[in-house]
Amino acid sequence: MLYTVDPDHLASVCPDEPPYRARQLREWLYRHPVLETQQMTNLPGSLRDRLELWPFELEADQSADGGRTRKWLFRTGDGAAIEAVLMGYPDRTTLCISSQAGCAMACTFCATGQFGFERHLEAGEITAQVAFAKAFLDEYGMPNSPHRLTNVVFMGMGEPLANYTHVRESLHRMIDLMGMSARAITVSTVGFVPGMRRLADEPWKVNLAVSLHAADDELRSSLVPLNERYSLAEVIEASRHYFKVKGRRISIEWTLIDGTNDSVDQARKLAEIAHDLRAHVNVIALNPTPLSADLPPSADRVAVFMDELRYEGVNATLRDTRGQDIDAACGQLRVHSEGTPIRIDRAVLEAR
Ligand code: SAH
């Protein structure tokens, strides 16, 4: 399981080989990720046969939107489910990754939160999702989109800042070893204030997205239980600090729920916060989840909310609800029923 080995200690997996093997391995893992060890052409056959590349098996590979949305369910040896979603757009190809199996934050409208926490993902398990997408794109590309990975967002399962050490190490691997630009990476948080502050101290200018969903404490606490611990004012203050230190605009995430946080009054309060932080606002209409009766507002109500934000001069985008039909949309990722794990190789991906 090469991706869970410390990149500086790759020699430990091939102790009988000359020292340059570790370097070659590192190149393959982080510079030119491939789907199978057999593609590591400069390694001896015996090594290619023996080494295990991925820390998980691919349990499901689903595609939607004409092949421009692809959801992968990976299963680790200890049974943890990891989901990642690849999305192609005309100008970018974005991978949405998971930082935890399950999530402990229990946001009422999020499927992952409804099913609870399983465990933290290790740095190697987080990085491997990115490497897998790179290797996949290298071989198959993405219709009408860049054939290489341009962006990574921590918007899959889990609260990345509650798994700080491993997420930090995965950022180091993506940026320093894989050569990704920090600006191409977005860490999305429910408002885990200590993590926001630690991230501000890191050397990288990664984007920070803050999932606000409500513009007053009472409403926010009813949607996001963590708000009881870190209030709106504290989350706003930590966001302001991040913006000040990094000079990177924060984005505020807002999942619109019918009759809950879609009022003109909330839009006005949100506009004030956005102005104050000079933040960009990403609105997404709720994707329905199994354990909640919440619904997205009608298209008209969504339009009224967006109009109000824009009228107030807020830089706001309505995000599409990609991948709903394969439960790949925001908030729909969760631990799935048992499937039959399949080894990762091209035959599997081609058969789909
Ligand atoms: N824990 C982090 C990252 C994972 S959630 C966070 O909270 O930001 C990624 C985004 O999906 C968040 O903005 C979250 O609020 C949003 N989301 C969760 N459930 C959703 C749902 N059912 N419909 C639409 N967006 C949802």
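Thresholds applied
- Along each chain, residues carry numbers from 1 onward, in the same order as the chain's sequence is written.
- The model is predicted, so local features are restricted to residues of pLDDT at least 70 and side-chain atom pairs to those at 80 or more, both for listing and for counting; the totals for chains, interfaces and linings are taken over all residues.
- To get the side-chain values, all heavy atoms of the structure are used, and hydrogens and water are removed first.
- Numbering of helices and strands runs from the N terminus; a helix is a DSSP stretch of H or I covering at least four residues, while a strand is a stretch of E covering at least two.
- Computation of the radius of gyration draws on C-alpha atoms, with the globule rule given as 2.2 Å multiplied by the number of residues to the power 0.38.
- Using a 1.4 Å probe on the protein chains alone, a residue whose accessible area is under 20% of its type maximum counts as buried, one over 50% counts as exposed, and one in between counts as partly exposed.
- Two rings from Phe, Tyr or Trp (for Trp, the six-membered ring) form a pair when their centres are within 6.5 Å of each other. A pair whose planes differ by under 30 degrees is stacked, one over 60 is edge-to-face, and the rest are tilted.
- As a reminder, the over-ring test applies to NZ of lysine and CZ of arginine, requiring each to be within 6 Å of the ring centre and within 35 degrees of the ring normal.
- A pair is scored as a salt bridge if a Lys or Arg side-chain nitrogen falls within 4 Å of a carboxyl oxygen belonging to Asp or Glu.
- Interaxial angle, 0 to 180 degrees, is taken between N-to-C directions of lines fitted to C-alpha atoms, where a helix line uses only the stretch in contact.
- The crossing is said to be left-handed when, going from far helix to near helix, the turn is anticlockwise and less than a right angle, and right-handed when the turn is clockwise.
- Contacts between residues were defined by any pair of non-hydrogen atoms, one from each residue, lying within 4.5 Å.
- The residue classification treats Ala, Val, Leu, Ile, Met, Phe, Trp, Tyr, Cys and Pro as nonpolar and Asp, Glu, Lys and Arg as charged. All others, Gly included, are polar.
- Distances are taken per atom, and a residue is near a molecule or strand as soon as one of its heavy atoms is within 4 Å of it.
- Counting of polar contacts relies on pairs of N or O atoms within 3.5 Å, with two restrictions inside protein: one atom must be capable of donating a hydrogen and the other of accepting it, and residues adjacent in sequence are counted only when both atoms are side-chain atoms.
- A pair of strands is considered paired only if DSSP assigns at least 2 bridges between the two.
- Multiplying one less than the number of residues by 1.5 Å gives the expected span of a helix.
- Summarising the geometry, the arc corresponds to the directions from the helix axis toward the C-beta atoms.

Enquirer: Any chance you could explain the overall build of the chain here in plain terms?
Expert: Helix and strand counts for the chain stand at eleven helices and twelve strands. On C-alpha atoms alone, the chain measures out to a radius of gyration of 21 Å, which is about the 20 Å that the 2.2 N^0.38 rule sets for 352 residues. Summarising its shape, the C-alpha atoms of the chain cover approximately 65 × 40 × 35 Å along the three principal directions. Residues classed as buried in the chain amount to 58% of the 352 residues present.

Enquirer: Please explain the packing of aromatic side chains as it appears in this structure.
Expert: Per the counting criterion, the structure on display carries twelve aromatic pairs. Consider the rings of Phe136 and Tyr140, whose centres lie 5.1 Å apart with planes at 40°: the pair is tilted. Of this pair, Phe136 and Tyr140 both sit in helix α4 (residues 123-140), separated by four residues, roughly a single helical turn. What links up through ring pairs into an aromatic cluster is the set Tyr3, Tyr30, Trp54, Phe56, Trp72, Phe74, Phe132, Phe136 and Tyr140. Here the basic side chain of Arg92 rests over the ring of Tyr89, its NZ or CZ set 4.1 Å away from the ring centre.

Enquirer: Looking at this model, I keep getting lost on the pattern of salt bridges. Mind explaining?
Expert: When charged atoms on two side chains of opposite charge get close, those side chains can pair. In this structure the tally under the stated criterion is 19 salt bridges. Notably, a salt bridge pairs Asp8 with Arg26, separated by 2.8 Å at the nearest N-O pair. Highlighted residues: Asp8 in the segment before α1 (20-31) and Arg26 in helix α1, separated in sequence by 18 residues. A relative accessible area of 30% places Arg26 in the partly exposed class. The closest approach of N and O atoms between Glu17 and Arg21, which form a salt bridge, is 2.5 Å.

Enquirer: Which parts of the structure should I look at to understand the packing of helix α9 (residues 264-277) against helix α10 (residues 299-311)?
Expert: When two helices pack together, their arrangement is given by the angle between the helix axes and by the axis-to-axis distance. Two numbers describe how α9 lies on α10: the axes approach to 9 Å, and their chain directions differ by 35°. Considering the relative orientation of α9 and α10, their crossing is right-handed. Contacts from Val264, Gln266, Ala267, Arg268, Leu270 and Ala271 of α9 reach α10 at Val304, Phe305, Glu308 and Leu309. A breakdown of the residues in the contact of α9 with α10 according to their chemical character gives seven nonpolar, one polar and two charged.

Enquirer: Would you mind going over the site of the ligand with me for this structure?
Expert: Contacts to the ligand come from 20 residues, most closely from Phe109, Ser188, Ser211, His213 and Asn287. Gly158 has a polar backbone atom sitting 3.0 Å from a nitrogen atom of the ligand. Side-chain polar atom of Ser211 to an oxygen atom of the ligand: 2.6 Å apart, as the coordinates give it. Secondary structure elements with two or more residues in the shell around the ligand: β8 (185-189) and β10 (251-256).

Enquirer: Would you explain the sheet that holds strand β2 (residues 69-76) in this entry?
Expert: Adjacent strands of a sheet pair through backbone hydrogen bonds, lying either parallel or antiparallel. Across the sheet, ten strands lie side by side as β1-β2-β3-β4-β7-β8-β9-β10-β11-β12; this open sheet has mixed pairing. Edge positions in the sheet fall to β1 (56-64) and β12 (316-318), since each has one partner strand and no second. Ignoring strand direction, the axes of neighbouring strands in this sheet form an average angle of 20°. Here three bridges tie strand β9 (residues 207-211) to β10, and the two strands are oriented parallel to one another. The partner of Ser211 across the bridge, within β10, is Glu253. Taken strand by strand, helix α5 (residues 164-177) contacts β7 (151-154) and β8, and its axis lies near 180° from that of β7.

Enquirer: How should α10 be read in this particular structure?
Expert: At 3.6 residues per turn, the α-helix brings residues three or four places apart onto the same side. Between the first and last C-alpha of α10 there are 18 Å, a value that for 13 residues agrees with the 18 Å anticipated at 1.5 Å per step. Within α10, the full set of buried residues consists of Val302, Phe305, Met306, Glu308 and Leu309. Projected onto a plane normal to the axis of α10, the buried residues spread over an arc of 155° and lie on a single side. Structural note: α10 exposes Ala299, Asp300 and Tyr311 on the side pointing more than 90 degrees away from its buried face.

Enquirer: What should I look at first to understand the pairing of β2 in this one?
Expert: A regular strand carries its side chains on alternate faces of the sheet. The buried fraction of β2 amounts to eight of the eight residues, a majority that puts the element mostly inside the structure. Going residue by residue along β2, you find Thr69, Lys71, Leu73 and Arg75 tucked away on one face and Arg70, Trp72, Phe74 and Thr76 tucked away on the opposite face as well. Across eight bridges, the pairing between β1 and β2 is antiparallel. Pairing of Ala60 across the sheet is with Leu73, part of β2. Here β1 hands over to β2 after four residues, with Asp65 in that stretch at a positive phi of 50°. Pairing between β2 and strand β3 (residues 81-88): seven bridges, direction antiparallel. Its bridge partner being in β3, Leu73 is matched across the sheet by Glu83. Once β2 ends, the chain turns through four residues before running back antiparallel as β3, passing Gly79 with a positive phi of about 90°.

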